[in-house]
Amino acid sequence: AQSVTQPDIHITVSEGASLELRCNYSYGATPYLFWYVQSPGQGLQLLLKYFSGDTLVQGIKGFEAEFKRSQSSFNLRKPSVHWSDAAEYFCAVGRGGADGLTFGKGTHLIIQP
Amino acid sequence: DTAVSQTPKYLVTQMGNDKSIKCEQNLGHDTMYWYKQDSKKFLKIMFSYNNKELIINETVPNRFSPKSPDKAHLNLHINSLELGDSAVYFCASSPNMAGELFFGEGSRLTVL
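The following refers to the structure shown. Model, not experiment: these values are computed from the prediction.

The next thing to look at is the overall build of chain B. If you tally the helices and strands in chain B, you get zero helices and 11 strands. Ordered by position from the N terminus, the helices and strands of chain B form the series β-β-β-β-β-β-β-β-β-β-β. For 112 residues, the compact-globule estimate of 2.2 N^0.38 gives 13 Å, and the C-alpha radius of gyration of chain B, at 13 Å, lies within 12% of that figure. A principal-axis box enclosing the C-alpha atoms of chain B has dimensions of 40 × 30 × 25 Å. Put simply, chain B has 112 residues, and 44% of those count as buried. Restricting to contacts in chain B with at least 6 residues of sequence separation, those with at least 24 account for 52%. Taken as a whole, chain B presents about 5,500 Å² of accessible surface, with 50% of it coming from carbon and sulfur. Averaging the positions of the 12 positive and the 12 negative side-chain charges in chain B gives two centres separated by 6 Å.

Below, the discussion takes up the sheet that holds strand 1 (residues 4-7) of chain B. Residues and elements named next belong to chain B. Ordered by their spatial adjacency, four strands build an open sheet running 1-3-8-7, and the pairing between neighbours is antiparallel. Where the open sheet ends on each side, the last strands, each with one partner, are strand 1 and strand 7 (64-70). Each strand of the sheet is rotated relative to its neighbour by a mean of 20 degrees, with strand direction disregarded. Note: strand 3 (residues 19-25) against strand 8 (residues 73-78), four bridges, orientation antiparallel. Within strand 8, the residue paired with Lys19 across the bridge is Ile78.

So, on to the interface of chain A and chain B. Across the boundary between the two partners, chain A contributes 23 residues, which contact 24 residues of chain B. Summing the contributions of chain A and of chain B, the shared interface buries around 1,700 Å²; its carbon and sulfur component is 56%. Taken together, chain A and chain B are joined by one salt bridge. A salt bridge links Lys49(A) to Glu100(B), with the nearest nitrogen and oxygen atoms 2.7 Å apart. For the pair chain A and chain B, the interface holds four residue pairs in polar contact (both at pLDDT 80 or more). Contributing elements (two or more residues each) for the side of chain A that touches chain B: strand 5 (32-38), strand 6 (44-50) and strand 10 (87-94) of chain A. Ranked by the residues each element gives to the side of chain A that touches chain B, the list is headed by strand 5 of chain A, at four residues. Here the side of chain A that touches chain B is composed, by residue class, of 10 nonpolar, eight polar and five charged.

Criteria and thresholds
- Residues numbered from 1 in each chain as written.
- Chains lettered and ligands numbered in written order.
- Predicted model: local features only at pLDDT ≥ 70, side-chain atom pairs only at ≥ 80, totals over all residues.
- Heavy atoms only, no water.
- Helix = DSSP H or I, 4+ residues; strand = E, 2+ residues; numbered from the N terminus.
- Rg over C-alpha atoms; globule rule 2.2 N^0.38 Å.
- Buried < 20%, exposed > 50% of the residue type's maximum accessible area, 1.4 Å probe, protein only.
- Contact = heavy atoms within 4.5 Å.
- Areas by Shrake-Rupley, 256 points an atom, 1.4 Å probe, with all protein chains shown as cover.
- Lys, Arg positive; Asp, Glu negative; His and termini not counted.
- Charge placed at Lys NZ, Arg CZ, Asp CG, Glu CD.
- Pairing = 2+ DSSP bridges.
- Axes fitted to C-alpha atoms, helices over the stretch in contact; angles between N-to-C directions.
- Buried area = accessible area lost by both parts, 1.4 Å probe.
- Salt bridge = Lys/Arg side-chain N within 4 Å of Asp/Glu carboxyl O.
- Polar contact = N/O pair within 3.5 Å; in protein donor to acceptor, adjacent residues only side chain to side chain.
- Nonpolar A, V, L, I, M, F, W, Y, C, P; charged D, E, K, R; others polar.

Take it as geometry only, folks, not as evidence of what the structure does.
Shown next, in the form of structure tokens:
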């Protein structure tokens, strides 16, 4: 069965500092991997996705993520966070189609001024 | 234009009532989903429909009944509401085999 682990429930980062959110997955085949962001009271917005090819993927809002097959990880990074980045971040895995995606439990990002 | 739209955005009701949430997508996608997000923000798939046909029903009580009148619409009807049904329900759609899900803004259901 597929699963996603986001080990950090909460992370606090100072504005302007760098950010890394961790994600580990378990999947029987080559996975499709995703990071979504959810602002309070909003739906989920796709930040970036990995299907194949270059293991470093660029997304919107200055985010990037690196797929490491040997570590079953897909960590999200941003070099300098802004107060508007405060939100809930979800890592997800799946092949899509009718099976949908399996989500991690999310990491709540808090930005300190 | 909103790609995936859900109505209502907020729903407050009493235990035992029946309620429906509607979802429409204008992306031309073949597959639509209902996800439930609990109070701890955990997202779990409930139903998946592919071109109006039910594909997944993930151990959801049969008080929940999805209906897809056409491939652009997927509604969720809930009978005999219970306190534990309080959650945010998200509709999503996906083009077949592409992986990416497009989400609506959610419908927050509160059962009193």
